Amino acid sequence: MKKVYIETLGCQMNKSDAERMYGMLEHCGYTQTENPKEADMLIINTCSIRQLSEDKAYSAIGVWGKWKKNKPDLKIVFAGCVAQQAGEKLFRRAPYVDLVIGTQRLYELPNLVKRIEAGERVVSTEEKPYEESDIQINRVKSVNAWVPIMEGCNNFCSYCIVPYTRGRERSRKPELILNEVKKALEEGFKEITLLGQNVDSYGKWLAEKTEENPWGYTKDEEGNVINLAWLLRRVNALEGKFRIRFVTSYPTDITEELIDTVIELDKVCEYFHIPMQSGDDYVLKKMNRRYDYATYKKICENIRSRIPDVTITSDFIAGFPCETEEQFQNTLKAMTELELDYSNTAAYSPREKTVAAKWVDLYIPEDVKTERLARLNEHNRECCLKSNQKYIGREMEVLIEKYEEAGGSGRGANIISGRTRNNKIVHIPYDEDITGEFVNVKITSARTWYLRGEMIN
Ligand code: SF4
């Protein structure tokens, strides 16, 4: 068999796409390799969320292009979000690339590979809903299986490239999702994470939108609306002990029905990832986010009052164009006031085509952005530690994800580590690899990014 190597940059959606590519390519006669130098086909699965990740993609193919001089049969594929934007233009910049495949053309990979093997150079990036079939997925060995349920976004936040790279919102058919979940459980996965850019929009546009049905929802055989809560119920009803998570939520799309469902279903974990992006109303407006701080706060307070021990995590951007020091301070205040358990943070990076990228006069100088990001991170560390300290002395169920022998990172004991239902990482001294098991643990201490505990069963 020939060998294929995929380098994946960026988000979980890209990682999930790579698992699908490996599965499809196995049927085309390719086996996976971890060593790019021995590969017959090299695929870069790109990310365009920040300039840095885009630069990384171009630098990787630059190196591969040089290898091709000594190995002319080597096939180079440029995939993912940067490919979606670059299209034909990429051939001018990198004439050694054989295939440019956009995010919405993933399922055409086997046919496109046949064409490049026959010597063609191909670009396939047109935005066109793909016909998805039940394909093989070569998942990364782990306890958690990522299952995309929807893709794309209709929100057009002024800084975000996703609507231009992943296209408009599309929900996958429920039967395809449920089949994929069943297979993952049969393969031994113990946690299913339902994935989407706006996961709580699941179900919209499965039908044509009409005046009576403006969101294009469909119904099941009993007349129930097919949405995220419906899907969670169906997944929860599958047999076996496993956990269910879902990411990422758009704040104002979190419904009472969804919260009720998280409370009601035993396998759905007490965890919400709800990007806030800024704690300042003016900045939120400029970001084209459809809520103000008070609304976000109400959503958090509602979830926290109804779900004990829930973990709420968020995303923030430092130095968005126009952000004043005072407005930035409002973000820091929001983090503390809402006791956010953890936040992903990033400095603003202008993305071509987006509205905010055009506000060059309002750009925040690099050194100010860097300094704000450092303060945001410091605040994040404080919030995380405070959140972790709440659990000292508590007994929690942990799903073990990893075993590490003593010696690494200066540790003196063998360690197993995993996550609680509310997504806290726990390290436990233990001498046996029991990855994939659920264990009960007493939390003994808290660090910024993880808890320590001891086995109680
Ligand atoms: S909702 Fe999320 S994915 Fe959609 S445009 Fe806004 S930030 Fe991007």
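Here's what I pulled together on the structure shown here.

Cut-offs applied
Residues numbered from 1 in each chain as written. Predicted model: local features only at pLDDT ≥ 70, side-chain atom pairs only at ≥ 80, totals over all residues. Heavy atoms only, no water. Helix = DSSP H or I, 4+ residues; strand = E, 2+ residues; numbered from the N terminus. Rg over C-alpha atoms; globule rule 2.2 N^0.38 Å. Buried < 20%, exposed > 50% of the residue type's maximum accessible area, 1.4 Å probe, protein only. Contact = heavy atoms within 4.5 Å. Lys, Arg positive; Asp, Glu negative; His and termini not counted. Charge placed at Lys NZ, Arg CZ, Asp CG, Glu CD. Salt bridge = Lys/Arg side-chain N within 4 Å of Asp/Glu carboxyl O. Near = heavy atom within 4 Å. Nonpolar A, V, L, I, M, F, W, Y, C, P; charged D, E, K, R; others polar. Axes fitted to C-alpha atoms, helices over the stretch in contact; angles between N-to-C directions. Parallel < 35°, antiparallel > 145°, perpendicular 65-115°, else oblique. Left-handed = near helix turned anticlockwise from the far one by under 90°.

With that out of the way, let us pick up the overall build of the protein. Tallying secondary structure elements over the protein gives 13 helices and 19 strands in all. On C-alpha atoms alone, the protein measures out to a radius of gyration of 23 Å, which is about the 23 Å that the 2.2 N^0.38 rule sets for 457 residues. Seen along its three principal axes, the alpha-carbon backbone of the protein occupies a region of about 65 × 55 × 55 Å. Here the protein, with 457 residues, has 54% of them falling under the buried criterion. Look at the contacts in the protein between residues 6 or more apart in sequence, and 71% of them connect residues 24 or more apart. Charged side chains of the protein number 66 positive and 71 negative; the gap between the two group centres comes to 4 Å.

Looking now at the pattern of salt bridges. Applying the stated criterion to the full structure yields 38 salt bridges. Salt-bridge contacts for E180 lead to R172; the nearest nitrogen and oxygen are separated by 2.9 Å. Across this residue pair, the class does not change: E180 and R172 are buried. Note that R394 and D309 form a salt bridge whose closest N and O atoms lie 2.3 Å from each other. Separated by 85 residues along the polypeptide, R394 in the loop between α13 (366-389) and β15 (395-404) and D309 in the loop between α11 (293-306) and β13 (311-318) bring together distant segments of the chain. Its relative accessible area of 34% is what places D309 among the partly exposed residues. One salt-bridge network, in which partners are shared between bridges, spans E19, R20, R139, R172 and E180.

Attention now goes to the site of the ligand. Taken together, the residues surrounding the ligand are C153, N155, F156, C157, Y159, C160, V162, P163, N198, Y250 and R289. Tallied by class, the residues present in the shell around the ligand amount to eight nonpolar, two polar and one charged.

Turning our eyes to something else, we now look at the packing of helix α8 (residues 228-236) against helix α9 (residues 256-264). Between α8 and α9, the least distance of the axes is 9 Å, while the angle of their chain directions is 15°. In terms of axis orientation, α8 runs roughly parallel to α9. Of the two possible hands of crossing, α8 and α9 adopt the one that is left-handed. In this structure, α8 uses L228, A229, L232 and R233 to contact α9, whose residues at the interface are E257, L258, T261 and E264. Looking at the contact of α8 with α9 residue by residue, the classes come out as four nonpolar, one polar and three charged.

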